[in-house]
Each structure stands twice: as C-alpha cells, then as structure tokens.
Amino acid sequence: MNNETPYRNYYRQRTANQWRKIPAEIGDPSAIRPFLAGNWKMNLIPRAGVALAARIFDFCHDIKDVDMGFAPPFTGLSTLADYIEPDFLRREYGIGRNVFLLAQDTFFESKGAFTGEISADMLAAIGVDRVIVGHSDRRANLGKYFGFSSSVARRLSKEFLTHTLARLKQRENIEPQVLATIEHLLHEKNHEVLKGLATFLENELNERAGESDDAIQRKVQAALRNGLQVILCCGENREARDAHETFKLLDRQLRIGLEGVARPTMPEVIIAYEPIWAIGEGAKPAPLEQIAEVHDFIRNLLMDLYGEQIAARVRILYGGNVKPDNIGDMMKLAGVDGALVGSASLNATDFAKIIRFGLSD
Ligand code: PGA
C-alpha cells in the first residue's frame, strides 16, 4: 500500500495526544473496517431500490474489506432485506456479510397508539441491522413540515387568547398564574409585544423545532434494546459554527444522546458528524481541517465517557456532500472511518466509487 492510498482495514492508536491509523491485515477481526452508508432519504420505490443496489454491487465485485450500508425509506426495507441475503451476495458478487440494511429512523415506544410510527422491534423483525438516529432532517425541520410553528403563532393571536381566557375562567383548578399571564398579554399596551412574540416564535420553531436530544436518547436506547446498532448523527448549523459554538453543541448532543449507553454496548454505536451547513444541494463539504478537528473532539469526548480503548474502536463517519472526488482525502484523516452519504448514494457509479474511496477500478 503506498502513502497516497487510504488504509482499508486498520488499527487506531493514540500517541502523544494524537490519533493515528495503522494498517491491518484484511480479515483481522480486531481491525477497524471503514463503513460507507447511503441514506436514500425519501427516494425510490422498493423495486427501484433493489435495482440501484444491484448496480452498485455490479461495480463492487469482491469488495470484502469495507462495510457498506443502504438506508431506503421504510417501505423499501423488506424488499431490500430479501435481496441482500448473504449467500446470494456471495454467489453473485463475491461479497456477503459486509452489506448492512439501515432504517432512517425509529420510534422509542415498542407498540401502541402512535399512528404512523415504526418501532425498533418491528425493524429488527424484518432484518434491519442498524438505524440512523438524530439526522438533522429530523432534528430541525419538523416544525416547518408539520405546522408546529404556525399553530403556536395562531395561539398567540388576540382572538385565540380572548376566547381561551373565557373558556379557562369557567374551569376549576386553573393556575391563577396562567390566567394572569393571558390577561397581561391581552392588555392593550402589550398588543405589539404579543405580535412580536408570535412572529419570533413562529420563525424560531420554523427553523428549529424537531426531535429533541431527549427523544433521540430514547430512540438510541430502544434500538440497542432490540439488537439494532445505532448510527447517531450530530452536527452544528451555520449559526452555531459562526458563533464558535460547534463544540459546545456537539458535546450536548452526544452526551445526552449517549446517556445510559453502557461501556460494553458502546461498540454497537457509530457516530456520524454531519454539519448541517455542509449537507445537500448547493452546499460545500466541510474543509478537511474542520472535519479532522471535529472528529478529534468527538473521539476525545468518547475517551472521557468510555476510556481510550473504546474511543479508539468507535467508528465516526463524516456526512455532508461526500462525493467520489473528495472521499479519498477524507478517508486519509486519522479520525474518519467512513461516510454517511445522501444524494451521491442515489447514483450507482458515484456510490460505488465512494465505496472504493474514489478509485474508479
Ligand atoms: P448529502 O446528504 O450527501 O446529500 O449532502 C448527507 C446527509 O444528509 O446525510
């Protein structure tokens, strides 16, 4: 292996406060295996997903030394689970147990009146191996899509509050503080304040309402309890990066997300660092120095929480405009163990090249 090629399987060592990758023999069970995962988001009907996977495997004959993962929408999971059966993959493509089926999300309760949700045991029952938890599409965008923002703004209108006040006054056991607050807001001198508050909250929730760190923690627990590995996403938005709050935010997301994950279970967790400003069409991937710096930060945090041995083994992926022409350089970084890929994972040749770290043959 020459110096220009990133290692496929490796050990990680920490000397003089610096992490390094050291090449390992293919097949060594204690080596770290890179993991390249495609998040198809809300794209592809089931048979189109199978067709895409088949084309990717065509380009990836005999690749055994990296793990690859596919995250179709819920509706595509069963069909893909049947298709990527290990004996078939070994016979047809010379690959096998290094292909993983991923779900894009899970719910934290196991059953009940939760219309539209899917539980971790349901996912495990149809052959899902790993589940993505805390993707930024879910951490931030739900307020906008599901109308939390406009419904909060509506509740801060004069008409709504007047009507509510009359209704609440007829009830027993209403906290006097609640009535006093509504009366205060409705006072003529506060009308401008009320309007400003409604606009402020509508904008805030539009930008930020989504899954909380606590909900994400419960999802992590539910997945692990059901034998699913977790890909826990974290990442800052542009505002936090510009305000130099990246590390503070990641610290919070990861400490809360991982709370309750015991040491022996931690190797079942993969972390994905996905800066929101680097995701999606029109954005640029994070610069290599920033990726390296954040991955070091995350690994040091894991060292604090779980000790050096576990921190060295946990895989940390990068996500945000990963493409065939930048994956090679990313994979050379000591802290990067793979990628979570969005749009490029929908193109068979691009994703196959990414699985090959950008090499075309
Ligand atoms: P992208 O998406 O590769 O299209 O930027 C990454 C992600 O959202 O996981």
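The structure displayed is predicted, hence computed values, not measured ones.

Cut-off values and rules
Residues numbered from 1 in each chain as written. Predicted model: local features only at pLDDT ≥ 70, side-chain atom pairs only at ≥ 80, totals over all residues. Heavy atoms only, no water. Helix = DSSP H or I, 4+ residues; strand = E, 2+ residues; numbered from the N terminus. Buried < 20%, exposed > 50% of the residue type's maximum accessible area, 1.4 Å probe, protein only. Contact = heavy atoms within 4.5 Å. Near = heavy atom within 4 Å. Polar contact = N/O pair within 3.5 Å; in protein donor to acceptor, adjacent residues only side chain to side chain. Areas by Shrake-Rupley, 256 points an atom, 1.4 Å probe, with all protein chains shown as cover. 1 Å grid on protein atoms, 1.4 Å probe; cavity = no way out; pocket = protein on both sides within 12 Å on 5 of 7 lines; lining within 4 Å. Sits in = over half its atoms within 2 Å of the grid points. Domains from an automatic or database assignment. Points joined across faces, edges and corners; volume = space filled by probe spheres on them. Nonpolar A, V, L, I, M, F, W, Y, C, P; charged D, E, K, R; others polar. Core = buried A, V, L, I, M, F, W, Y, C linked by side-chain atoms within 4.5 Å. Pairing = 2+ DSSP bridges. Axes fitted to C-alpha atoms, helices over the stretch in contact; angles between N-to-C directions. Right-handed = clockwise from strand over helix to strand, strands pointing away.

**Re the overall build of the protein chain**
Here is step 1: Along the protein chain, the regular secondary structure elements total 17 helices and ten strands.
Here is step 2: By its C-alpha atoms, the protein chain is 75 × 50 × 40 Å across when sized along the principal axes.
Here is step 3: Counting all 361 residues of the protein chain, 47% fall into the buried class.
Here is step 4: Within the protein chain, residue pairs in contact and separated by at least 24 positions form 74% of the contacts whose partners lie at least 6 positions apart.

**What to know about the site of the ligand**
Here is step 1: In the region of the ligand, the neighbouring residues are K41, H135, E274, I279, G280, G320, N321, V341, G342 and S343.
Here is step 2: Between H135 and the ligand, the recorded distance is 2.9 Å, taken from a side-chain N or O atom to an oxygen atom.
Here is step 3: For the ligand, an oxygen atom lies 2.9 Å from a polar atom in the backbone of S343.
Here is step 4: Within the complex, the protein chains bury 98% of what would otherwise be the 280 Å² of accessible surface of the ligand.
Here is step 5: A majority-of-atoms criterion places the ligand in the largest pocket.

**A few points about the domain arrangement of the protein chain**
Here is step 1: Split into domains, the protein chain comes out as domain 1 (10-141 + 212-355) and domain 2 (148-206).
Here is step 2: The gap between the C-alpha centroids of domain 1 and domain 2 is 42 Å.

**Describing the layout of surface pockets**
Here is step 1: Computed from the structure, the largest pocket encloses a volume of approximately 910 Å³.
Here is step 2: As for the largest pocket, its lining consists of 42 residues, and the residues nearest its centre are S136, D137, R139, A140 and I276.
Here is step 3: Where the lining of the largest pocket is concerned, the elements lending two or more residues are α5 (136-140), α10 (191-208), α12 (238-242), α13 (246-258) and β10 (338-341).
Here is step 4: The element that contributes the greatest number of residues to the lining of the largest pocket is α5, accounting for four residues.
Here is step 5: Partitioned by chemical class, the residues of the lining of the largest pocket number eleven nonpolar, 17 polar and 14 charged.
Here is step 6: Mapped onto the lining of the second largest pocket, the elements with two or more residues apiece are α5 and α6 (142-146).

**Topic: the nonpolar core**
Here is step 1: Counting residues in each nonpolar core, the largest one holds 80 residues, and the members touching the most others are F57, M266, I271 and L302.
Here is step 2: With residues up to four places along the chain from it excluded, the contact list for F57 reads M68, F70, Y83, I84, L89, Y93, I95 and V99.
Here is step 3: Core analysis: the second largest hydrophobic core is formed by twelve residues, A37, A71, I231 and C233 among them.

**Considering the sheet that holds strand β4 (residues 67-71)**
Here is step 1: Strand order in this closed barrel of eight strands is β3-β4-β5-β6-β7-β8-β9-β10, and the pairing throughout is parallel. Neighbour to neighbour, the strand axes of the sheet diverge by 25° on average, direction disregarded.
Here is step 2: Strand direction decides the pairing type here: strand β3 (residues 35-39) and β4, joined by five bridges, are parallel. Paired with L36 across the strands is M68, a residue of β4.
Here is step 3: Contacting β6 (130-133), β7 (229-234) and β8 (269-273), helix α11 (residues 213-225) runs over the sheet at an angle of about 160° to β7.
Here is step 4: Strands β3, β4 and β10 of the sheet are contacted by helix α17 (residues 348-355), whose axis makes an angle of about 155° with β3.

**A closer look at the side chain of Q217**
Here is step 1: Examined against the element boundaries, Q217 turns out to sit in helix α11.
Here is step 2: Residues within four places of Q217 in sequence aside, it is in contact with I256, G257 and E259.

**As for empty space enclosed by the protein**
Here is step 1: Under the definition given, this model contains two cavities of 30 Å³ or more.
Here is step 2: If you add up the space inside the largest cavity, you get close to 40 Å³.
Here is step 3: Surrounding the largest cavity, W40, L44, I45, P46, G49, V50, P72, P73, G76 and L80 form its lining.
Here is step 4: At three residues, the largest contribution of residues to the lining of the largest cavity is made by helix α1 (residues 46-59).
Here is step 5: Among the residues forming the lining of the largest cavity, the class breakdown is eight nonpolar, two polar and no charged.
Here is step 6: Looking at the second largest cavity, its volume works out to about 30 Å³.
Here is step 7: Around the second largest cavity, the lining residues are G134, H135, S136, R139, C233, C234, G235 and E274.
Here is step 8: Mapped by element, the contributors of at least two residues to the lining of the second largest cavity are α5 and β7.

**Overview of the pairing of strand β5 (residues 99-103)**
Here is step 1: With five of five residues buried, β5 is to be regarded as a mostly interior element.
Here is step 2: Of the two faces of β5, both are covered, the one formed by V99, L101 and A103 as well as the one formed by F100 and L102.
Here is step 3: Taken together, the three bridges between β4 and β5 define a ladder with parallel strand orientation. Paired with M68 across the two strands is V99, which belongs to β5.
Here is step 4: Relative to β6, β5 runs parallel, the two being bridged by two bridges. Note on β6: the bridge partner recorded for L102 is R130.
Here is step 5: Note that the unit made of β5, helix α4 (residues 120-125) and β6 has a crossover that is right-handed.

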